[in-house]
Amino acid sequence: MRANKVTNEQPLKPIPLSVSSWNNLVEQNKLIVDKTAKLGQLVTFFDYVFFSRPRRMGKTTLCSMLQELFTHGDQHFAGTAIYGNWPETQTYPVISMSFDGIDCQNASTFEANLCKIVIDAYYDAGFKDALKLVGTTSFARLTSLLKGVVDDNDQELVFLIDEWDHPLSKHLDEPQLFASLQSVMAKFSGWLRLQNAHASGRFGN
């Protein structure tokens, strides 16, 4: 049987294996299934969003897309449904964190590394004074010091957290370690809830 001739078709785009950055997907012209129309609805109707999906289902890419949209608007989304339809009329500092691979062999190590992740996220979002907090290993101390980093900035913040459950799900079969890590996560969650005065409060996982 002779194969069908394919004419007047665009070359097939490569599947984006191991590429989770939105800008990299665009720059490398990877295959994208456009579901961006839903992002407008997401930010219009919800202030707090938690995604619970299996691994390798696009959560990291979703966080990358939201970070780009909140930080720069829809300029890098030409050709997608959200282009020209992004509902936000201003940009925001995005505090973007990932707990994937964080060292949590014990509560102290986890807390110190959590502090580092938060400091780095604030620095990357443009709060350069966060660099002064490097070396802080107590989360309670860090949250107190962070007030001085953002107090002079009345702009709303957006929080995106990827792999939120990693520290706990990795240690489900270690009850004592799980409980100690959970206590640190409780401090983090409590602090996050208090950011309402500064944050738009969008979460990704």
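Let us look at the structure shown here. Since the structure is predicted, the reported quantities are computational estimates derived from the model, not experimental observations.

1. Observations concerning helix α7 (residues 175–193)
Moving on, step 1. Compared with the 27 Å implied by 1.5 Å per residue over 19 residues, the 26 Å span of α7 between its first and last C-alpha is a close match.
Moving on, step 2. Burial in α7 covers these residues: L177, L181, V184, M185, F188, S189, G190, W191 and L192.
Moving on, step 3. Residues of α7 that are buried make contact with β1 (94–98), α4 (107–124), α5 (139–150), β2 (158–162) and α6 (166–169).

2. Side note on the nonpolar core
Moving on, step 1. M97, F99, V118, Y122, F188 and W191 are the most contacted members of the largest nonpolar core, which totals 33 residues.
Moving on, step 2. Taken together, the elements giving at least two residues each to this core come down to β1, α4, α5, β2 and α7.
Moving on, step 3. Here this core takes eight residues from α4, the largest share from any one element.
Moving on, step 4. Core analysis: the second largest hydrophobic core is formed by 19 residues, F70, I82, V158 and L160 among them.

3. Structural notes on the packing of aromatic side chains
Where two aromatic rings form a pair, the distance of their centres and the angle of their planes describe that pair.
Moving on, step 1. If you walk through the whole model with that rule in mind, you get eleven aromatic pairs.
Moving on, step 2. Note on F139 and W191: the rings are 5.7 Å apart at their centroids and 90 degrees apart in plane angle, and the pair reads as edge-to-face. A residue pair is termed long-range when its members are at least 10 positions apart, and F139 in helix α5 and W191 in helix α7 qualify at 52 residues.
Moving on, step 3. Given the relative accessible area of 2%, F139 is considered buried.
Moving on, step 4. Summarising the aromatic geometry, the rings of W164 and F188 are spaced 5.7 Å apart at their centres and angled 55 degrees between planes, so their arrangement reads as tilted. Here the residue W164 occupies a position in the loop between β2 and α6, and F188 occupies one in helix α7, the gap between them amounting to 24 residues.

4. Here's the deal with the packing of helix α2 (residues 37–45) against helix α3 (residues 59–72)
Moving on, step 1. At a minimum axis separation of 12 Å, α2 and α3 run at an interaxial angle of 70 degrees. As the angle between them shows, α2 and α3 are arranged roughly perpendicular. As α2 packs across α3, the resulting crossing turns out to be right-handed. For the pair α2 and α3, contact is made by L39, L42 and V43 and by L62, M65, L66, L69 and F70, respectively.
Moving on, step 2. Its residues placed into classes, the contact of α2 with α3 shows eight nonpolar, no polar and no charged.

Reading guide: rules and limits
- Each chain carries its own residue numbering, running from 1 in the direction its sequence is written.
- Given that the model is predicted, a residue must reach a pLDDT of at least 70 before its local features are reported, and side-chain atom pairs must reach 80 or more before they are shown or counted; all residues, however, enter totals for whole chains, interfaces and linings.
- Excluded from the side-chain calculations are hydrogens and water; all other atoms, namely the structure's heavy atoms, are used.
- Working definition: helices are DSSP H or I runs of at least four residues, strands are E runs of at least two. Numbering for both runs from the N terminus.
- One fewer than the residue count of a helix, multiplied by 1.5 Å, yields its expected span.
- Residue burial is assigned from relative accessible area. The probe radius is 1.4 Å, only protein chains are included, and a residue is buried under 20% of its type maximum, exposed over 50%, and partly exposed in between.
- The criterion used for residue contact is that any of the two residues' heavy atoms lie within 4.5 Å.
- Residues grouped as a nonpolar core are buried Ala, Val, Leu, Ile, Met, Phe, Trp, Tyr and Cys residues, joined through side-chain atoms within 4.5 Å.
- Two rings belonging to Phe, Tyr or Trp (six-membered ring only in the last case) form a pair when the distance between their centres is within 6.5 Å. Interplanar angles under 30 degrees mark stacking, angles over 60 mark edge-to-face geometry, and anything in between is tilted.
- Only the contacting stretch of a helix is used when fitting its axis, a line to C-alpha atoms as for every element, and angles between N-to-C directions run 0 to 180 degrees.
- Roughly parallel refers to an angle under 35 degrees, roughly antiparallel to one over 145, roughly perpendicular to one between 65 and 115, and oblique to any angle outside these ranges.
- Put simply, a crossing is left-handed when the front helix is turned counterclockwise from the back one by less than a right angle, and right-handed when it is turned clockwise.
- All amino acids are sorted into three groups, where Ala, Val, Leu, Ile, Met, Phe, Trp, Tyr, Cys and Pro are nonpolar, Asp, Glu, Lys and Arg are charged, and the leftover types, Gly among them, are polar.

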